[in-house]
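Chain residues, written in single-letter form:
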Amino acid sequence: MEADLRLESSLWVGNKRYRAVLTGWKFHWTELDKKNRDKKTTSVSVAEVVGVEDGRVEILPQKTVEDADKDFTVFYVKRSSSRGSHGLLWILGSTQFSCPSRVLRDQWTKHLKTALKTHSPLRPQRLLVFINPFGGKGKGRHIYHSLVAPLFELAGISSHIIVTERANQARDHLLKKDLTGFDGVVCVGGDGMFSEILHGVIGRTQQEAGLCENDPGVNLQPCPLHIGIIPAGSTDCVCYATVGVIDPVTSALHIIIGDSQPLDVCSVHHASALVCYSVSLLGYGFYGDVLAESEKHRWMGPLRYDYSGTMVYLSNRSYAGVVQYLPADPLLSSPRDKTRCLSGCSVCSRSTERLFSHSSDSGSLYSSHLSQLSGDSEEEWVSVEGRFRCVSLTCMSSSCPRSPLGLSPSAHLADGTGDLILVWDTHPLGFLKFLYRHTSTQDQFDLPFVEVHRVKAVRFALSPCKEEKADEEIAGPVDVIDEEDRTHVETINENGSQQHLAERDTRQEMTHKQKAAAPFLCGLCCSKAPAASVWNCDGEILSVTDILCRIHGQLVRLYARGIEDGASMLRYGEDE
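Residues numbered from 1 in each chain as written. Predicted model: local features only at pLDDT ≥ 70, side-chain atom pairs only at ≥ 80, totals over all residues. Heavy atoms only, no water.

**Regarding the packing of aromatic side chains**
Overall, the coordinates contain 16 aromatic pairs when judged by the stated rule. Plain terms: the ring middles of Phe27 and Trp29 are 5.0 Å apart, the flat faces sit at 45 degrees to each other, and that makes the pair tilted. Centroid distance Tyr144 to Phe152: 6.2 Å. Interplanar angle 70 degrees. Geometry classified as edge-to-face. Pair check on accessibility: Tyr144 and Phe152 agree, each one buried. Through a chain of ring-to-ring contacts, three or more aromatic side chains come together here, namely Phe27, Trp29, Phe72, Tyr76, Phe97 and Trp108. (Phe/Tyr/Trp six-rings, centres within 6.5 Å; stacked < 30°, edge-to-face > 60°. Buried < 20%, exposed > 50% of the residue type's maximum accessible area, 1.4 Å probe, protein only.)

**Structural notes on the nonpolar core**
Counting residues in each nonpolar core, the largest one holds 45 residues, and the members touching the most others are Leu282, Phe286, Val323, Val391, Leu393, Leu420 and Phe434. When residues in this core are grouped by element, the largest group, six residues, is from strand 18 (residues 382-394). Ignoring sequence-local partners within four residues, the contact set of Leu420 consists of Val323, Tyr325, Val391, Ser392, Leu393, Glu451, Val452, His453, Val455 and Val458. Counting 41 residues, the second largest nonpolar core, distinct from the first, contains Leu179, Met193, Cys239 and Leu555. (Core = buried A, V, L, I, M, F, W, Y, C linked by side-chain atoms within 4.5 Å. Helix = DSSP H or I, 4+ residues; strand = E, 2+ residues; numbered from the N terminus. Contact = heavy atoms within 4.5 Å.)

**Some words on the state of the cysteines**
Within the structure shown, the criterion is met by zero disulfides. You can see Cys237 has no disulfide; the closest cysteine sulfur is in Cys400, sitting 6.2 Å from it. The cysteine Cys266 is free of any disulfide, with Cys549 supplying the nearest cysteine sulfur at 4.4 Å. (Disulfide = S-S within 2.5 Å.)

**A look at helix 9 (residues 303-315)**
Taking 1.5 Å of rise per residue, 13 residues should cover 18 Å, and helix 9 covers 19 Å from first to last C-alpha, within 8% of that figure. What helix 9 keeps buried is the set Arg304, Ser308, Gly309, Val312, Tyr313 and Ser315. Buried residues in helix 9, looked at end-on, bunch into an arc of 155 degrees, giving them a common side. Of the surrounding elements, those touching the buried residues of helix 9 are helix 8 (286-294) and helix 13 (428-437). Of the residues one or two after helix 9, Asn316 is the one with positive phi, at around 60 degrees. (Expected span 1.5 Å × (residues − 1). Arc of directions from axis to C-beta.)

**A few points about the confidence of the model for the protein**
On average, residues of the protein score 85 in pLDDT, and 82% of them are at 70 or above. In the model, residues 359-369 has pLDDT below 50 throughout and makes 22 contacts with residues more than four positions away in sequence or in other chains. In this model, residues 468-526 is a region of pLDDT below 50 whose contacts with residues beyond four sequence positions or in other chains number 107 contacts. (pLDDT = per-residue confidence, 0-100.)

**Overview of empty space enclosed by the protein**
Enumeration according to the criterion identifies 10 cavities of 30 Å³ or more in this entry. Volume-wise, the second largest cavity comes out at about 90 Å³. In terms of lining residues, the second largest cavity is bounded by Ala241, Arg340, Cys341, Ser397, Ser399, Pro404, Leu405, Pro409, Ala411, Leu413 and Ile563. Grouping the amino acids of the lining of the second largest cavity by side-chain chemistry returns eight nonpolar, two polar and one charged. (1 Å grid on protein atoms, 1.4 Å probe; cavity = no way out; pocket = protein on both sides within 12 Å on 5 of 7 lines; lining within 4 Å. Points joined across faces, edges and corners; volume = space filled by probe spheres on them. Nonpolar A, V, L, I, M, F, W, Y, C, P; charged D, E, K, R; others polar.)

**A few points about the pairing of strand 18**
Burial of strand 18 is extensive: 13 of the 13 residues sit out of reach of the surface. Both strand 16 (residues 281-285) and strand 18 contribute to a ladder of five bridges, which runs antiparallel. Bridge pairing links Gly285 to Cys390 in strand 18. The pairing of strand 17 (residues 319-327) with strand 18 spans seven bridges and is classified as antiparallel. The residue of strand 18 that forms the bridge with Ala320 is Arg387. Here six bridges tie strand 18 to strand 19 (residues 418-424), and the two strands are oriented antiparallel to one another. Across the sheet, the residue bridging to Phe388 is Trp424, located in strand 19. (Pairing = 2+ DSSP bridges.)

Shown next, in the form of structure tokens:
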């Protein structure tokens, strides 16, 4: 087939002559000098050709067509670095070619379009698009119609558009309506809209598979529909963590060429019932308090998060609780190994083989630890009890423009695990240092009161013997962790790691002088501290405190390919 698609001829770009060659997977054109010698070569992968049009055509900022019998225009992906982001911007590149004859022009356009169909079989043909007109600054519709729709039209993608009018409309539509013929679902909005679509796609898949989502031990069926994200919200954490930039054109081009990025999903359960799904942050303590406080100040817009964060920090709170977790195999990866989950991640690729290797025999991805979740192997769980500034679980780095490396810089998108971050009660200045390190390249885990574990499941409950007294003030003395303040019960399985023991011994060496130190701040007020915080689940407050979380490996797929770094500029560079 590749031999049949090969085509070579002389073409003109402006007033310069080129030798153009199509060889199945590659389309490249080389400038020739007056003596027919090669000069500069531009090469484009056929998989990244967006479309081919007759004539001299421009698409953005608006479509213009200059009809020319012997001309055709090729549109393709171009990359550029993005200031302030770790990923690469994708822009729509184009080159207008002139042929000696119309017959040759038609031959080129036919071969190029055939090559697209042959080498890009996963490209979507029909998409269901949900637009949130209220998210962010209310520019969702404008972003889609001015930047995204023209690209979809160029690529020959048909779209059914629904502008949402209420919360959970997208989720309900996906759960109840006929989805036959759609290759994927696209959300134009922020993390809230993505969460709606995530719940709808997962719920619909489990309904059709006859599986009960309320059972935390059930192995959920991977979703066949891809999800695309066009960032247009006040927070676009999922887009940033999976693409590396927040840019509608970049995301639209990933959708068009049919990129496919598997993504782990965490299911959250309470009392044998599903509460929600999470892909980025599940946070208790500081992150829960910030979200709860911000809800009181929605009139401030995005500034409410800065204000609420300051208020919660100054209130100097910590909470008693019991955390249990099921450790992942430390031989596969570690949250402290300094690796980053980038496009083509080897850890995630190996995890695909591991997660799906026994699926045909058991009908599940996690038959190996199903019994552990159901309580048959309690000795596999690690249990800690004490007072925490915050407890966080994330299935990805959770990076964002303000925190370029995220909550857990070495977390992976699709390895079937999550990173559990425990921040024990400490002096306010110590906690401020932890928060500040999220905005820099410093290791936020290299602190004596912080520990991180790669896990497959987590349980959290309020400490039965550590309830706060009614007369306890927020500004009470800060207790540094010692043997009286917390118990640590742990048993390590055969593959377990004792890396956290060293971290714990370090914390126990903290002096009692710190524990007895006078409070740094009295807080904004001297009201009584609440006995419990709330859970922040991807920007939504949960109504329950005691939860069981389980990581489902590669449950959904996004139209993305992970974060591309600078090496991708060289690998996919146009100029050779």
